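# Notes for the structure review
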Amino acid sequence: MGEQSPVLEMTGIRKVFPGVVALDGVDFRLFPGEVHALMGENGAGKSTLIKTLTGVYEIDGGEIKLGGVPVRISGPLQAQQAGVSTVYQEVNLCTNLSVAENIFIGREPRRFGKIQWGKMRRRAAELLARLDLDLDVSAPLSSYSLAIQQMVAIARAIDIEARVLILDEPTSSLDTAEVAQLFRIMRRLKESGVAILFVSHFLDQIYEISDRLTILRNGQLISEHRVEELTQVQLVEKMIGKELAALEDLEDKAQSNRERAAEAKPILEAKGLGRTGAIAPYNLTIHQGEVVGLAGLLGSGRTELARLLFGADKADSGELWVDGKKTTLRDPQAAMKHRIAFSSENRRTEGIIGELSVRENIILALQAARGWTRPIPRKKQDEIVDKYIKALQIRPADPERPVRNLSGGNQQKVLLARWLITEPRLLIIDEPTRGIDVGAKAEIQRLVAELSDGGMAVLFVSAELEEVLRLSHKIAVLRDRRLVEELENTADVDADRIMQTIASGATS
Amino acid sequence: MTTTDMTPVTKGGEGPELNKRRRVYKPNTKYVPILATLFLLIVMYSSGVANYRNFDDPSVIVNLFRDNAVLLVVAVGMTFVILTGGIDLSVGAVISLTTILTATLLKADWPPLVVLPAVLLLGALIGAGQGAVIHFFKVEPFIATLAGLFLARGAALTINDESVPIRDDMWREISDYRIVLADGVVTKPIAIIAVLAVLVAAAVLAWTRFGRNVYAIGGNSDSALLMGLPVGRTKIAVYTLSGFCAALGGVLFSINSTSGWALQGNGMELDAIAACVIGGVLLTGGSGFVWGTLLGVLVTGLIRTIINFQGDLNAAWSRIIIGVLLFAFIVMQRLVTRKAK
Amino acid sequence: MTTIFKNRLFWPALILVVMLGINAFTSNQFITIKDGHLFGSLIDILRGSAPLILVALGMTLVIATGGIDLSVGSVMAISGAVACLLISDLDNQNSLSGVFIAIGAAILVSLAAGLWNGTLVAVVGIQPIIATLILMVAGRGLAQLFTEGQIINVQSGPYSALASGFFLTLPIALLIAAAAVGLTVLLTRRTALGLLLESVGGSPTASRLAGIGARRITIMTYVVAGAFAGLAGLIASADIKSADSISAGNLIELDAILAVVIGGTALIGGRFSIIGTVLGAVIIQTLRVTVVAIGIPAEANLLFKSVVVVALCLSQSPEFRAKVFGRFKSRPAAEKVGVPA
Amino acid sequence: GGSDSGGENGGGDDGKIVLGFSQVGAESGWRTANTESIKASAAAAGIELKFSDAQGKQENQISDIRGFITQKVDVIAFSPVVTSGWDAVLKEAKDAGIPVILTDRAVDSTDTSLYESFIGSDFKVEGEKAGDWLVKEYEGKTGEVAIVELQGTTGSAPAIDRQTGFAEKIKANPNLKIVKTQTGDFKRADGKTVMETFLQSVPKIDVLYAHNDDMGLGAIEAIKAAGKKPGQDIKIITVDAVKDGMTALAAGEINFIVECSPLLGDQLMETVKKVKDKQPVEKRILTKEGTFTQEEAKAALPTRKY
Ligand SMILES: Nc1ncnc2c1ncn2[C@@H]1O[C@H](COP(=O)(O)OP(=O)(O)OP(=O)(O)O)[C@@H](O)[C@H]1O
Ligand SMILES: Nc1ncnc2c1ncn2[C@@H]1O[C@H](COP(=O)(O)OP(=O)(O)OP(=O)(O)O)[C@@H](O)[C@H]1O
Ligand SMILES: [Mg+2]
Ligand SMILES: [Mg+2]
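Cut-offs applied
Residues numbered from 1 in each chain as written. Chains lettered and ligands numbered in written order. Predicted model: local features only at pLDDT ≥ 70, side-chain atom pairs only at ≥ 80, totals over all residues. Heavy atoms only, no water. Phe/Tyr/Trp six-rings, centres within 6.5 Å; stacked < 30°, edge-to-face > 60°. Helix = DSSP H or I, 4+ residues; strand = E, 2+ residues; numbered from the N terminus. Buried < 20%, exposed > 50% of the residue type's maximum accessible area, 1.4 Å probe, protein only. Lys NZ or Arg CZ within 6 Å of the ring centre and 35° of its normal. Near = heavy atom within 4 Å. Polar contact = N/O pair within 3.5 Å; in protein donor to acceptor, adjacent residues only side chain to side chain. Areas by Shrake-Rupley, 256 points an atom, 1.4 Å probe, with all protein chains shown as cover. Nonpolar A, V, L, I, M, F, W, Y, C, P; charged D, E, K, R; others polar. Domains from an automatic or database assignment. Donors = N, O, S within 2.8 Å, 3.2 Å for Na, K, Ca; no water. Salt bridge = Lys/Arg side-chain N within 4 Å of Asp/Glu carboxyl O. Pairing = 2+ DSSP bridges. Contact = heavy atoms within 4.5 Å. Axes fitted to C-alpha atoms, helices over the stretch in contact; angles between N-to-C directions.

## Thoughts on the packing of aromatic side chains
If you walk through the whole model with that rule in mind, you get 16 aromatic pairs over all chains. Aromatic pair phenylalanine 55 of chain B and phenylalanine 309 of chain B: ring centres 4.9 Å apart, planes at 65 degrees, arrangement edge-to-face. You can see phenylalanine 55 of chain B sitting in the loop between helix 2 (32-51) and helix 3 (58-67) and its partner phenylalanine 309 of chain B sitting in helix 14 (residues 290-310), a full 254 residues away along the chain. For the pair phenylalanine 55 of chain B and phenylalanine 309 of chain B, one class covers both residues: buried. Ring plane angle 5 degrees and centroid distance 5.0 Å describe the contact between tryptophan 133 of chain D and phenylalanine 256 of chain D, whose orientation is recorded as stacked. Note that tryptophan 133 of chain D is positioned in helix 5 (residues 123-137) and phenylalanine 256 of chain D in strand 10 (residues 256-259), a separation of 123 residues in sequence. The same class applies to tryptophan 133 of chain D and to phenylalanine 256 of chain D, which are both buried. In textbook terms, an aromatic cluster arises when at least three aromatic residues are bridged by ring pairs, as seen for Tyr45, Tyr52, Phe55 and Phe309 of chain B. Positioned above the aromatic ring of phenylalanine 272 of chain C is the side chain of arginine 189 of chain C, whose terminal nitrogen or guanidinium carbon lies 4.4 Å from the ring centre.

Quick look at the structure:
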């Protein structure tokens, strides 16, 4: 595409939150018919830039031009009317409404002012079919998993006839198939001249779909490039602002030494454990120091499987043995007594408590385990919290800031810290690297490897197959809410092998 | 990471099978609370019939609508507010203000056709004012509408602290107008208006953008804002509507009793909230139906009727029995819905 | 300087100071020492606010978990009734042990009432407003039943000292309230209870998954609220040396909620401020006294109250302050909104 | 159309008269005594009583009365919450052929045929009696007399009438001055707090006029706490003459009480029977009530029923 005039031009954008300069004189241009990636570490200011564009935040300085005309957008509604359609980072839909409504609300087909429900449902189903989804569009959105909700949000955004489409980490909880589907649609839109702003922490995805990229660091513009100009290594270096050597070192460490201590005792055994409508009865054994990965497509039941092991949902069939003793987990508290920890994939509604500070969020689980009568002394709290803020590079490194004001990736790190400090024997992590930048992701992977070396068992759920392959000793493959195969992660197991199982549904 | 070769068999190839696996049937549970409430209401009515003489008289049911017409109208407005996750404590006071103002103006020989729109407008304005304070200044609905309560009742008492009879012909005629439904079963226009209010509200909530925005805001107002819905406008509209309904309730009241009084409708806000909640409207917003509110009003009305028919309870016992019946009802409702889900 | 202004309790505190100033101006004695103890309208105000402080304290905890307790007024009535009945049966009403037993019994009953509320909310899963409405209605009925609708008089020195006695020159009622405040602060800030409460109020689902036993904590807050309401009931009844089951604590739930909200605790739960609540309660009591002191006519009481409440809530709204006192920043040149054609 | 004479199907199997009575509420001990009196008299007179409590709300009372019409009782009696607003429901009762008796308080319907009779006291007269006593007490004295007034619930009928009656009587004497007036909501607790503030803000109070005994009793506590003698330093007039009030009066802590008798049960039942038998009754039946000075109270106290 030649140098036409940009559809969107932001110059000198400045946004200050109490105590943080989130954006400091950022310039950004978006041309029609391009996919433009916005890159940066967690907390770099990507989402903030997007929100200033759509009028969620009022800017403290700078100028925004749409189609060459200076505009002041006073809110998402005006942004939409001006032809900017957005999928925000955290799924921002109303889960109490039906799927169809979430797609069409505000733009419902009407006749004489009356909403045409039938038409709306039909169109919603068609639209979702384009994304390869077959949902009951009149069911409330809350009955679907986060990944599906993400897809619905995308469906809503692409149906709005827009000049500019903004996708803030839309792929963070999608599996490869869904991502491919999304990319197909993005390409089609691009061809029709829509300008797409795309945020993702997956470098492969960036290189696959984008034409240009803009790099932010600490709220400042670093540079703008055509994708071909930059290698992945260079890109990462620009994002983190230092040499990459250290990072690669981390990845190596995570990859090597996946030998498991022999003769490890089983910590937990599920025998025919299941829950009707959620997950078919399954058998699974997790040993000390073992990393078990769960692989499967979106909606295959990974989350459901994991929730049963934490008592987050109650199993209605089968048995659960912990340390060779039969138990029932009536609620998470019971699981925590066995030192089982679970970090939910849905960090916004099932993870963080937005109002509370970073410190309080981190110590919450540990405090709950100790009971209210035995508060953790403040000094000890500060110690632990400081340690983990450093270890996980939580930014800003201010423990008293409300966690709500942290960037998405940093919230995820807070949650991880919450569970790590309880020193669990079995750590169940559902999509722990969701929305986390390259550096931190490597850090977390290294952490998991280290912990398991130290004897902690980990149940690792991730939509990213590579990650599962790299970390796990054993991989359980799910399909259709059924555990279909359990594989030792030996040298001959690779992504293709697992995809085959997923696709064919082979049972062992 | 390569993406293309990992794509599973696409829908075309294995279509029906894939569809089946992905669709897990979930029964639509949103009507369960309403059906449960209706069922329990019928049970309650039947036990009334079994226990009391003349309880099976159709006018028991018909009177239920008429006696609770004001509450019904007010509760309908309240339903909108609660659905957005708010609350409106001012409705009872707006009733007071409306009745006393109506009576005073009519007494001063204002034409009734001027008084009627004027007081309705006033109610709507009070509501709009509260909505504006809530939206623009982010004041808690509870405290903003509590201030509204003080203001409206204070104004009512200042206008006149005595009760004022209405001798206007139009009011009298509407008040006396009898609608014969069957032999010996008579109802009045106010009941019809109340039922109409329910129907209109149900239609608005189910079929209009405004109605759906109300649900969306109650579900998650931050998300609603990001989805580009007119959150501020809707919130203000909802309180305006509630103020209007309260004023309409006040007018119905002044028709029902052909008088105005500054303490009229005292405490009705709580009755209205209770009716909504009994009918399954969630106070946190985003869930519930006007039909539920209707049932809630009927439940409270029926409890009163039963106490009236029982006829030998003093104040203490009737309070206790109201409490017990309410308790039994709520717990049963809870059990039934839990089982059905 | 700016930090003081930004503190959301600054403006309420200022309003309180102004009202106290008015009282100091209108009263004969604002604060003096007489008969060996402090005396004057300031002391009257503080003493008079003791029951409201107590009730509002419990309410704060309940609201922090995202609940609400409407039954506090009825619990006050019950507790006063139980204590006065037991005391009036004593041979020697001045016997200290007898009075203590009566007080103990009343507190026990209040605890039971709280437990009942808590169970309905946390175990049966009924919406708090309706769960506590049951006891609000039936509880007063019970109190009326105990007292047979009459006012039970007691002539017990030790009992009435609860309200009008002095210890170390300070009113005992105030000391009790202060002790309760101290205890609550201790309980919530020296243990982890405060954090867990705020967590449950902030997000029940997330709290459950973090392993917090939300159920037990919720029940506990209702129990504490019940106990404090019971204590408040004792002070209120000791104040008039009788149990007035009909009007004791009538409508106090509204004042208590208002106090909590003025104090900066949001009704949706989460972060709470005990000191804020105490400030709110004292403001409300001062307001009540000020109305009389400056001779506002009874009909206009509510108007005056509404003005103060509006001032209070607006002063606390950052949005309002920004709009009214805020610097009018020069905006970027572009003033066009919305869609360029 | 209206049904035939209510008696046929409503009278019950045993031919007892059925009386539907709608009480205002249970807002005070006075009201409880009133309720008890009606219940006791009904039982004694062999009348089946259908009782309901309106909790101080007109809407409840209207629906209660309609409920009685549906139940086809023989006679309806009620103590109206307010004066106005009864025409419609009274007309319905008339159409259904059920006679209505008012107790305790009149209604302002222009059509007096809507009810048979009104039994009860006149709040305004009560206020006047209180005023009369005060005027007589200060007869011949010209010094300024500072009066404070504790009103009942703002907007309630007794509060309004007791205030007007009293004010009218003392109007002629400019030295009798109401310096402060405030509502005490008919409650003891509020009587006490309001009096506390009166004592703080008025340099010298000579007379307290309280719209009911309970507020007066609360105020007495406040007066004592301020180190003054109720009945001597401050003269106290109240209305009602319930037992606690009479005791205080006998003890010299109150100076004068205007009686407002709740015991109209017997008079009511008598009227009910007459009405049922279609005998003529008086349109206005006043309850027998008087006033009490301290001496009269001492004499009356041992035989008081409430
Ligand atoms: N509402 C807010 N109040 C205060 N600070 C905020 C607020 N929103 C964002 N911030 C801060 O602004 C900075 C930029 O955050 P932003 O969400 O834009 O990051 P991001 O680049 O999107 O990161 P991620 O990749 O983790 O999503 C962070 O330091 C964050 O803590
Ligand atoms: N493509 C799809 N079409 C229709 N329904 C789907 C699809 N994918 C998932 N679902 C539904 O989503 C719901 C939740 O799935 P679940 O949470 O078990 O997924 P998961 O394996 O944890 O996947 P993830 O965590 O990646 O979302 C189920 O009700 C499932 O039927
Ligand atoms: Mg972001
Ligand atoms: Mg999942």
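## Considerations on the site of ligand 1
Residues and elements named next belong to chain A. Lining the immediate surroundings of ligand 1 are 21 residues, of which Gly43, Ser47, Thr48, Ser407 and Gly409 lie closest. Take alanine 44: an N or O atom from its main chain is 3.2 Å from an oxygen atom of ligand 1. A distance of 3.4 Å separates an oxygen atom of ligand 1 from a polar atom in the side chain of glutamate 169. Starting from 640 Å² of accessible surface for ligand 1 in isolation, the protein chains cover 91%. Counting residues per element, the shell around ligand 1 draws most heavily on helix 1 (residues 46-53), which supplies 3 residues. Of the residues that constitute the shell around ligand 1, the class distribution is 7 nonpolar, 11 polar and 3 charged. Counting contributing residues per domain, the shell around ligand 1 is built from domain 1 (8-240) and domain 3 (350-423), each supplying no fewer than three.

## A word on the coordination of the magnesium ion (ligand 4)
All names here are of chain A. Taken together, Thr303 (OG1) and Glu345 (OE) make up the full set of protein donors to the magnesium ion (ligand 4), lying 1.8 to 2.6 Å away. Pair noted here: threonine 303 is in helix 10 (residues 302-310) and glutamate 345 is in the loop between strand 18 (340-343) and helix 12 (347-351), with a separation of 42 residues, a long-range link. In this structure threonine 303 comes out as buried when scored by relative accessible area, which is 16%. Residue classification places glutamate 345 among the buried positions, given a relative accessible area of 11%.

## Quick notes on the pattern of salt bridges
Enumeration over the complete set of coordinates arrives at 59 salt bridges over all chains. Across the pair arginine 497 of chain A and glutamate 485 of chain A runs a salt bridge whose closest N-O atoms are separated by 2.8 Å. Within this pair, whereas arginine 497 of chain A is found in helix 18 (residues 495-504), its partner glutamate 485 of chain A is found in strand 22 (residues 482-488), the two being separated by 12 residues in sequence. The exposure class assigned to arginine 497 of chain A is partly exposed, which follows from its relative accessible area of 29%. As a salt-bridge pair, aspartate 255 of chain C and arginine 288 of chain C come within 3.0 Å of each other at their nearest N and O atoms. Of this pair, aspartate 255 of chain C sits in helix 13 (residues 252-262) while arginine 288 of chain C sits in helix 14 (residues 274-293), and the two are 33 residues apart along the sequence. According to the relative accessible area criterion, aspartate 255 of chain C is buried, its value standing at 12%. Taking the relative accessible area as the measure of exposure, arginine 288 of chain C reaches 39% and is therefore partly exposed. Taken together, the shared-partner salt bridges connect Arg66, Asp67 and Lys188 of chain B together with Arg66 and Glu92 of chain D into one network.

## Describing the pairing of strand 1 (residues 8-17) of chain A
All names here are of chain A. Relative to strand 2 (residues 20-30), strand 1 runs antiparallel, the two sharing 8 bridges. Note that in strand 2 the partner of lysine 15 across the bridge is leucine 23. Of the pairings in the sheet, the one linking strand 1 to strand 4 (residues 61-66) comprises 5 bridges and is antiparallel in character. Across the sheet, the residue bridging to glutamate 9 is lysine 65, located in strand 4.

## Comments concerning the sheet that holds strand 1 of chain A
All names here are of chain A. Across the sheet, 4 strands lie side by side as 2-1-4-5; this open sheet has antiparallel pairing. Strands with a single pairing partner mark the edges of an open sheet, and in this sheet they are strand 2 and strand 5 (69-70). On the sheet, helix 1 packs against strand 1, strand 2 and strand 4 and is oriented at approximately 110 degrees with respect to strand 1.

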